[in-house]
Structure formats: structure tokens, C-alpha cells
Amino acid sequence: MQQLQTFAPLFPRSSPVKPLSSSVSSQLPPTPRCSRSNLKRRAKSQSLIDTQSDQRKLTSRVVELKRRKQLNQIFDEIDQAKRRYGQLNIIVMNAVVEACVHCGDVDSGLRVIGEMSSPGGCGVDSITFATILKGLGEARRTDEAFQILESLEQGRILESPKLSPPVLYGLLNALIEAGDLRRANGLLARYRFLLQEGGPSILMYNLLIKGYTNTDCPLDALLVHDEILRQGLKPDRLTFNTLLLACVKSKEMSLAVQFFAKMKEEAERESCFKLLPDAVTYTTLLKGFGDAHDLLSVQKILVEMKSLPYLVFDRVAYTTIIEALLTCGSPRDALSVFGEMIKRAGENPRLRPKPHLYLAMMRAFAANGDFDMVKRLHVRMLPDTAGTISRTAQEEADELLMEGALNSGQVDTAKEILSDVVKTRKRMSWTRRGDMVVVQIESLSGFSSKTFSPLLLPQVLLDDPIEKHMVKFEEAKPVQSSVELKKIVMRLFRDAVVPVIDDWGSCVGILYRDDCQQLDAPLSTMMRDPPPCVTTSTSTGRVIELLLEKRYEMVIVVRSGNIYDESYNSTSKAVGVFTRDHLFEIAVPVSEIDEAWRTSS
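Residues numbered from 1 in each chain as written. Predicted model: local features only at pLDDT ≥ 70, side-chain atom pairs only at ≥ 80, totals over all residues. Heavy atoms only, no water.

A. Highlighting the nonpolar core. Core analysis: the largest hydrophobic core is formed by 122 residues, its most contacted members being L149, L187 and I322. Among the elements that make up this core, the one with the highest residue count is helix α19 (residues 355-367) (nine residues). Excluding residues that lie within four positions of it along the chain, I322 makes contacts with A334, V337, F338, M341, L357 and M361. In terms of nonpolar packing, the next biggest core, distinct from the first, is built from 13 residues, L485, C516, L523 and M527 among them. (Core = buried A, V, L, I, M, F, W, Y, C linked by side-chain atoms within 4.5 Å. Buried < 20%, exposed > 50% of the residue type's maximum accessible area, 1.4 Å probe, protein only. Helix = DSSP H or I, 4+ residues; strand = E, 2+ residues; numbered from the N terminus. Contact = heavy atoms within 4.5 Å.)

Below you can see the structure in the form of C-alpha cells.
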């Protein structure tokens, strides 16, 4: 009876289950009764299963937030989970330590480990210490890392795991990544007995070779290769790939080719698939031949790559091939590979190019004056690229579009693009190759356009002392720092910047119109201090550089003798000012000078 009632919800409501007659029910076996202890045990077991499932989800959540580097969010969610479940398991807490290391906050990771190893904590294991040692190595806090190793070796940490190779490899790899071979060799010398338990390890030697590739003498990695052979070890794929990288960084491509041939020879002799060259092998060679501008070798490597059925082309492989072809001066071949990459990206979104590859293609075609191709790449960059396009990348793309138009002889088109760029940008940086493009556009148009019409200072010599062109300090009408804003607010409608003095007449700051927020507050609370100062003997050219490069609105001029006095500071007695507005008052557009010259002639 109870069994049928248990499954009753599976039946439609229109046909309810009828109870059995007593004769039939008497023939059924007796239903076992669940004791209260069994029910509690089942409930506890189900609760434990639910908790474990939730903590697995929490671990996945921590990993996801780690990728976004949202460490504060991780700690908030961990605190909420602790209030709900109590103590979290070691898998979750190890993920938190890994997140701390990934985000560069080693101190927080150490605090988490202290909580894990405390009485009542979830405990620590080799993964915990391998992670934190890696973080300390990346942060160059090697002394603390060695102290932890000594504590593990001597068992001074509560319930700590035994010192093992996985614990050491995290720190060793971090030291090698940082190029600190001195400490890496010291670590090997101290714990070689542990790392070579059961015989020498190829992993240790691979790490050493990797370390030499990060130094100024990458070919010293060949000494490690000789040691591998003396120890009777067989180099693996990682060994050969790292040796190839050392040769490429040393620009010894003939030596790289020898190791490449030896790698294939060893794989064929031993019939070992794991020794065959992979995508990393070929991309390393491509970069080396590309930097050497050896187009023929790049093309040979590319043909060999496409002939291997086991070789998988990922985004890195395609990017390296395209960049090598561009470096060798073959943009058409690069465009062919780029088209193949875009076509395959339709099926595999992970192959979509990064923005920097679009820019590399645009640079090559802009330099050749192929405006149509630059324009196509510029249009497709936003919808087809992978990742976020930074403001700097977008600005360079616009500049390359101008350069492509200019190099193809389409000056009017370049001017139109420049006009659109000026409207969308708040300011021009003038620090990239786009600067020269703008100068060329302006010069080809005879500086007749008003976009960037240059200004001249016909009555000013840049070597003149600023004292010759400054405005006297009294004429700048400085205001007292103790005065409230409401008393001089009308002054700010006329002047965007005003010098501020104290009770003794020394300039103590500059008041900017944009900083004024509270009418009943004294100016001392809103002014910017200390004011930028120059001496009366400073050249006018240098002061103009300060106004334009540092974006100062006003520069205070003090007596020349004061700057050599030990008591000199920014509050020394001011004798004059020079402002951005004054600079543009004495500047004259080129067009006006040309008009005056034509009229006089």
C-alpha cells in the first residue's frame, strides 16, 4: 500500500489509485519501517551531497572571477559561503589562493593560508604551498619563499605536507621566468637531492634551458643540453622547442635548423609521435626566419606545416605566419593566409584575429599606398576581431587609414578623414606615426586648411629670457588665499586661471575656474599648489614647452637669484606670469602672414 502511494503522483489525477482489498493487501510482503536514526542518516547524507555540489559550483565561480581579476568579489562571495556552510573545503580555498597569486596580491594569499592552517581550518596541502611559492617568486620575494621551504622541510608548519618536487617546481619556474638564474641555481643546489629522487629529471633541465632563454646569453642553454646527454636523459619535445627559442633569440638560425633536423631524426628513429615538431616548433622557427627577413625559408616552413595532417593551426600559429610574411615584405602572401584564417574563423570563433594583427596588416598596405585594402581592413576590424579594441588601437587604425589615402595620392580623402578624426577626439597625442601624416596633409594643402593651421611667433625669439615677454605679477591681479570665492566669482567669468598669494605677498597657488565648487569657502581650499615656477632667465622656448607639454595654464616667474638661494621654493617672491592665453595672443596664424606678404608684394 505504501509503495503504491509513493508512486501515486505519477498517475493522472483523473484516474486516482484505488486502495486494494484486504485480501490482496494481506498477500503483499510487509513494508519495512524506517527508523528515526535511518531517516536522520539519510537526511545528513543528502545534505552533505548538496553541500559538496554547492562548493564545486563555488570553486568554478572563483576560477571565473580569477580570470576577470575580481579579487574583492571573490572574498565577498567566500564570506557569504562561510556564513552559509561554515568551513569550506580545501579545494575551494586553494582556488582562492590561486586567485590571489593570479591577481598579484600575495599578502592576501598568505592570510588565506594562515586561516587554512589554523586550528579548525580546512588544512593545507602541496598544491597550497606550490601556489603561494610561485606567487612569492613572481613578486621577487624570494627570501620569504625560502623561509617557507625551510619551515616545510623542518615541519614547523601545522599539518603541513612533506616537501616534494611539485612544491619546488612552482618557485623554480617563477625564478626562471623572472630571469633570476642565480637564485634558481641556488634552489637546485639546496634541494637537488629531492628533485632527483629516482634519478635525474628532464623537467628540471627543461626549466633551466628556459631560464637561459630569458638572459642576455641565450646560447648558454646549450651547456644544459650537454648536461642532459651526459646524464643519459633523452630530450623531449619541450627540450627541443626551448633550445630552438634560444637559437632564435641569439639569431643563430643555422644552429636552429640543426636542432630542428635532429628533432625530426630522433622522432623517426624512435617512432615517437611525442617527439615530432608541433605548432610551437614551427612558429618559433617562423619568427626567427621572419626577423632575419628570409622569405624563402618562411615559405618552406609554411609549406611543410600545411603538409602535416596532425598539425593543428591555432590563432597563435596563424598570427606568427602572417607577421613573419609581413616582416619579410610580402603583404600579398600575408593577405592570403589572413583570408584563410578569417574563413576558418567562421567555423571556429577561437581563430578570430586579435586587433594587433589587423593593425599589422594595415601598416603594411598603408605603407604601399593600397588605400582600398586599408579601408576594407578598417571596416572589418570591429565586427571580426577577437577581444576588446582599445582606444589606442582605434586611434592608430584611423591614422593608418589617413596614411593609406595619402600614400595613394588621395589628399582630399585624407583631409576628410582627418576632419572626422578631429571631431571625434578630444585631443591629439602627436606621439605616433600619425603625427607625420597630419603634417604631410597640412603641407600638401599649403597650410590653407584651418584644422591644424600652424601659428608663428614673429616678434619672439625662443632664446629670449621669459622676463622679456612675461606679464608683471601686479598686472595679473593676484587674490588673497583667505578671500571667499563669492567675493571674486565675477573675476572667474573673465579669467580661467588666477594667481593666489598669502598675507606676505608670496604666490602660494593658482586658482582654476573648473576647481571652484563652493561659494562660501576660502580660495586656499580650492587652489592648486605649489604653482609651477621658472626664473626670469629661463628661455621663452622652454616656458612654451611647459605650457604645451605639461598643459599648464599659467607659469609663475621668480627672480633668477632666488633659485640658487637655499631658501628658494615655490612660494618665493613672484615678479611675473606667463599664461597660455598670452601665448596665443602674441601668436599669428601662417595664413595671415602669407596674406600680408602677398598684399605688400
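So, next bit.
B. Highlighting the sheet that holds strand β5 (residues 507-512). Reading across from one edge, β3-β4-β5 is the order of the three strands in this open sheet, with mixed pairing throughout. The open sheet has two free edges, formed respectively by β3 (479-480) and β5, since each of these has just one partner strand. Pairing analysis gives two bridges linking β3 to strand β4 (residues 497-501), with the strands arranged parallel. Within β4, the residue paired with V479 across the bridge is V500. (Pairing = 2+ DSSP bridges.)

C. Spotlight on the pattern of salt bridges. Inspection of every chain in the model, using the stated rule, returns 26 salt bridges. One salt bridge connects R61 with E64, and the closest N-O pair in it is separated by 3.8 Å. Here R61 and its partner E64 are both found in helix α3 (residues 36-68), three residues apart, which amounts to about one turn of the helix. A relative accessible area of 27% places R61 in the partly exposed class. (Salt bridge = Lys/Arg side-chain N within 4 Å of Asp/Glu carboxyl O.)

D. Representation of the sheet that holds strand β7 (residues 554-558) within the structure. Ordered in space as β2-β8-β7-β6, the four strands form an open sheet in which the pairing is mixed. Of all strands in the sheet, those with a lone pairing partner are β2 (471-472) and β6 (533-535), marking the two edges. Both β6 and β7 contribute to a ladder of three bridges, which runs parallel. Bridge pairing in β7 links C533 to I556.

E. Fine view of the UniProt feature "repeat: PPR" (unreviewed entry) in the protein chain. Within the UniProt annotation, "repeat: PPR" (unreviewed entry) is assigned to residues 125-159, 201-235, 236-266 and 314-349. The span residues 201-235 is 63% helix and 0% strand, and its two end C-alpha atoms sit 11 Å from each other. Split by type, residues 236-266 is 87% helix and 0% strand. Its first and last C-alpha atoms lie 10 Å apart. (UniProt positions renumbered as here; feature names shortened; annotations may be inferred.)

F. Focus on the pairing of strand β8 (residues 574-579). Counted residue by residue, β8 has six buried out of six residues, so it is predominantly covered. Pairing of β2 with β8, which is carried by two bridges, proceeds in the antiparallel orientation. Paired with K472 across the strands is G576, a residue of β8. Examined bridge by bridge, β7 and β8 share five bridges and lie antiparallel to one another. Each bridged residue has a counterpart across the sheet, and for M554 the counterpart in β8 is T579.

G. Quick look at the packing of helix α8 (residues 142-154) against helix α9 (residues 165-177). Relative to each other, α8 and α9 sit at 165 degrees, their axes nearing to 12 Å. Comparing their axes, α9 and α8 come out roughly antiparallel. Seen from above, α8 lies across α9 with left-handed handedness. Along its contact with α8, which presents T142, A145, L149 and L152, the element α9 presents V167, L168, L171 and L175. For the contact of α8 with α9, the per-class residue count stands at seven nonpolar, one polar and no charged. (Axes fitted to C-alpha atoms, helices over the stretch in contact; angles between N-to-C directions. Parallel < 35°, antiparallel > 145°, perpendicular 65-115°, else oblique. Left-handed = near helix turned anticlockwise from the far one by under 90°. Nonpolar A, V, L, I, M, F, W, Y, C, P; charged D, E, K, R; others polar.)

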